[in-house]
Amino acid sequence: MKILLAAPGTGKKEKRSISGRAFQVPPLALGILASLTPDDFEIEMVDESMRDLDFASTPDLVAITSLTANAPRAYEISHQYRERGVKTVLGGIHPSAVPFEAIQHADCVAIGEAEGIWPRLLADFRAGRLKKFYRGRKPDPSQISIPRRDIFERKGYFLKGTVQTSRGCPLGCDFCSVQRFFGDKFRFRSVGSVVDEIRALATKFVVFVDDNLAGSRSYARELFAGIAPLNVKWICQAPITIGKDLGFLKMMHKAGCRGVFVGFESIMPDSLREVGKSFNVVARFHDHIKRIHDTGISIEGAFVFGFDHDDKSVFKRTLDFINKTKIDFAQFGILTPFPGTKLQERLKRENRIITEDWRKYDIAHTVFKPAKMTVEELDRGRRWIEDEFYSLKGTVRRAFSLGRRTHYLIPMLILNASYRQYIKAFR
Ligand code: SF4
């Protein structure tokens, strides 16, 4: 029997350009499905960001993973295969948040993490009794699968060494889908299994895809001690609060960390309070950023616009803040009420959602009525700050403010140029 594992694209060809591929990571969810699949099934994996699906070849089962912005494309793919008599399964964050919507487009919806579902679902499929819905218990840390990476080989990914050490988050920010999907507690894999996985990757560069690698300082310290001897360089996501602990930062750097993705979200304290992220203390941002930089770790900051306390001045104020603190790389998004989040519930109650065209839920479009701006002002402001930050002038300014982080100069210039090209193509 043959299974096709599919990751839908956005339908934008430019994602396959060199600049698009620079930001593309292999779909780990599909690697996990592959690792949970018995050996007697034949597996093919297609990530539409890298190549087209071939609808002429018909497998026995198609499993499609989906986020919100690519859900319409996931549904299209599912329909195409069903018209050819192939059974389809939808899973991932979006179908799990809206299973009754998803089931209108597939034979089956897998709600939640794969480990508690996929083996059972495949056994039922093999026996010809596939159910409409499967829901599973959250796996214990020891049951979290290591993705089968052979399915990503020769697919053209630049970033291959992606690793997940934990799932879940107890913090529960209003706009975030992580807690609903992965639960409100951290579940950490054993450090030994993470070290073994990295060693098997045989790479010198790892991307930790955890939403927060520093959620537990004691686990993180144990992890850093475990990976330091491997002599790999790595990047991760962590809160800005890591900047208050110099000893922790030094250990992180010694273990190979060279870059951290930080969700600042906003430089407006009221906005952070509004969405339950007041553990980000704006008054301490400068100090924390400086300490992280001084340790030799670069920062990519994520900034979000459209909170109820944001007016038109927020874009200029944010750019001034970024220039002053010398943040190396930045992502600018529009607040988006993803299905199943507290933010969506609130905006629905306030009758402020203006579209449920999921294609627009890509953080580059405004899908609700902002409080202190028009939709156009919010869209225009986000584009303005993106253009300013990635302008030649902005890039040169950052190149001259690297300080200790000279190792970052070449990657920084490449990333800036790629991102500028990517933005142009995306728009
Ligand atoms: S935004 Fe980060 S800290 Fe907040 S709930 Fe999501 S993963 Fe946790």
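### A word on the pairing of strand β5 (residues 108–111)
Side-chain alternation along β5 places C108 and A110 on one buried face and V109 and I111 on a second face that is also buried. Across two bridges, the pairing between strand β4 (residues 87–91) and β5 is parallel. Across the sheet, V89 pairs through a bridge with C108, a residue of β5. When β5 meets strand β6 (residues 133–135), the two strands line up parallel, connected through three bridges. If you follow A110 over to β6, its bridge partner there is Y134. Regarding topology, helix α6 (residues 118–126) serves as the crossover connection from β5 to the parallel β6, and that connection is left-handed.

### Points about the packing of helix α12 (residues 285–295) against helix α13 (residues 314–325)
Any two packed helices are characterised by how steeply their axes cross, that is the angle between the axes, and by the distance between the axes. For the pair α12 and α13, interaxial distance at closest approach is 10 Å and the crossing angle is 35 degrees. Crossing hand, α12 versus α13: right-handed. Contact residues: α12 offers F285, H286, I289 and H293, while α13 offers F321, K324 and T325. Looking at side-chain class alone, the contact of α12 with α13 contains three nonpolar, three polar and one charged residues.

### Thoughts on the side chain of S177
Inspection of the secondary structure puts S177 in the loop between β8 (166–167) and α7 (178–182). Under the relative-accessibility criterion, S177 is labelled buried at 17%. Once residues within four sequence positions are removed from consideration, S177 is found in contact with I93, F338 and T341.

### With respect to helix α9 (residues 217–227)
Turning to α9, its buried residues are Y219, A220, L223, F224 and I227. Buried residues in α9, looked at end-on, bunch into an arc of 135 degrees, giving them a common side. Next to the buried residues of α9 lie β9 (187–188), α8 (191–201), β10 (205–208), β11 (233–237) and α10 (246–254).

### Examining the domain arrangement of the protein
On domain assignment, one finds that the protein holds domain 1 (2–135) and domain 2 (161–426). Taking only C-alpha atoms, the centre of domain 1 and the centre of domain 2 are 27 Å apart. With 26 residues of domain 1 at the interface, the matching set in domain 2 holds 22 residues. Interface area for domain 1 against domain 2, summed over the two sides, is near 2,100 Å², with a carbon-plus-sulfur share of 67%. Looking only at domain 1, the three residues that lose the most surface to domain 2 are F23, T68 and E113, adding up to 27% of its buried area. In this assembly, domain 1 and domain 2 are joined by four salt bridges. E113 is paired through a salt bridge with R187; the nearest N and O atoms lie 2.6 Å apart. Applying the counting criterion to the domain 1 and domain 2 interface returns five residue pairs in polar contact (both at pLDDT 80 or more). When contributions to the side of domain 1 that touches domain 2 are tallied by element, the ones reaching two or more residues are α1 (18–22), α2 (28–36), α3 (71–83) and α4 (93–97). With four residues, α4 is the largest single contributor of residues to the side of domain 1 that touches domain 2. Across the side of domain 1 that touches domain 2, the residue classes break down as twelve nonpolar, seven polar and seven charged.

### As for the environment of G31
Within the fold, G31 resides in helix α2. Dropping the residues within four chain positions of it, G31 is found in contact with P147, R148, I151 and F152.

### A short note on the site of the ligand
Looking at the ligand, the residues that line it are C169, L171, G172, C173, C176, D211, K277 and F279. Classifying every residue of the shell around the ligand gives five nonpolar, one polar and two charged.

### Focus on the pattern of salt bridges
Pairing is possible between side chains that carry opposite charge, provided their charged atoms lie close to one another. The full count for this structure, using the stated rule, is 32 salt bridges. As a salt-bridge pair, K131 and D124 come within 2.9 Å of each other at their nearest N and O atoms. Assessed through its relative accessible area of 44%, K131 is described here as partly exposed. You can call D124 buried: its relative accessible area is 5%. For D308, the salt bridge is made with R352, and the minimal N-O distance between the two is 2.8 Å. Placement of the pair is D308 in the loop between β13 (298–305) and α13 and R352 in the loop between α14 (342–349) and α15 (375–389), with a sequence separation of 44 residues. Each of the salt bridges in this network shares a partner with another, and the network as a whole consists of E48, R73, E76, D357 and R359.

### Focus: the sheet that holds strand β2 (residues 42–47)
Pairing in this open sheet of six strands is parallel, and the strands run β2-β1-β3-β4-β5-β6 from one edge to the other. Strands at the two margins of the open sheet, each flanked by one partner only, are β2 and β6. Neighbouring strand axes in the sheet, compared pairwise and without regard to direction, differ in orientation by 20 degrees on average. Across the face of the sheet, α2 comes into contact with β1 (2–7), β2 and β3 (61–65) while running at roughly 165 degrees to β1.

What counts and how
- Residues numbered from 1 in each chain as written.
- Predicted model: local features only at pLDDT ≥ 70, side-chain atom pairs only at ≥ 80, totals over all residues.
- Heavy atoms only, no water.
- Buried < 20%, exposed > 50% of the residue type's maximum accessible area, 1.4 Å probe, protein only.
- Helix = DSSP H or I, 4+ residues; strand = E, 2+ residues; numbered from the N terminus.
- Pairing = 2+ DSSP bridges.
- Right-handed = clockwise from strand over helix to strand, strands pointing away.
- Axes fitted to C-alpha atoms, helices over the stretch in contact; angles between N-to-C directions.
- Left-handed = near helix turned anticlockwise from the far one by under 90°.
- Contact = heavy atoms within 4.5 Å.
- Nonpolar A, V, L, I, M, F, W, Y, C, P; charged D, E, K, R; others polar.
- Arc of directions from axis to C-beta.
- Domains from an automatic or database assignment.
- Buried area = accessible area lost by both parts, 1.4 Å probe.
- Salt bridge = Lys/Arg side-chain N within 4 Å of Asp/Glu carboxyl O.
- Polar contact = N/O pair within 3.5 Å; in protein donor to acceptor, adjacent residues only side chain to side chain.
- Near = heavy atom within 4 Å.

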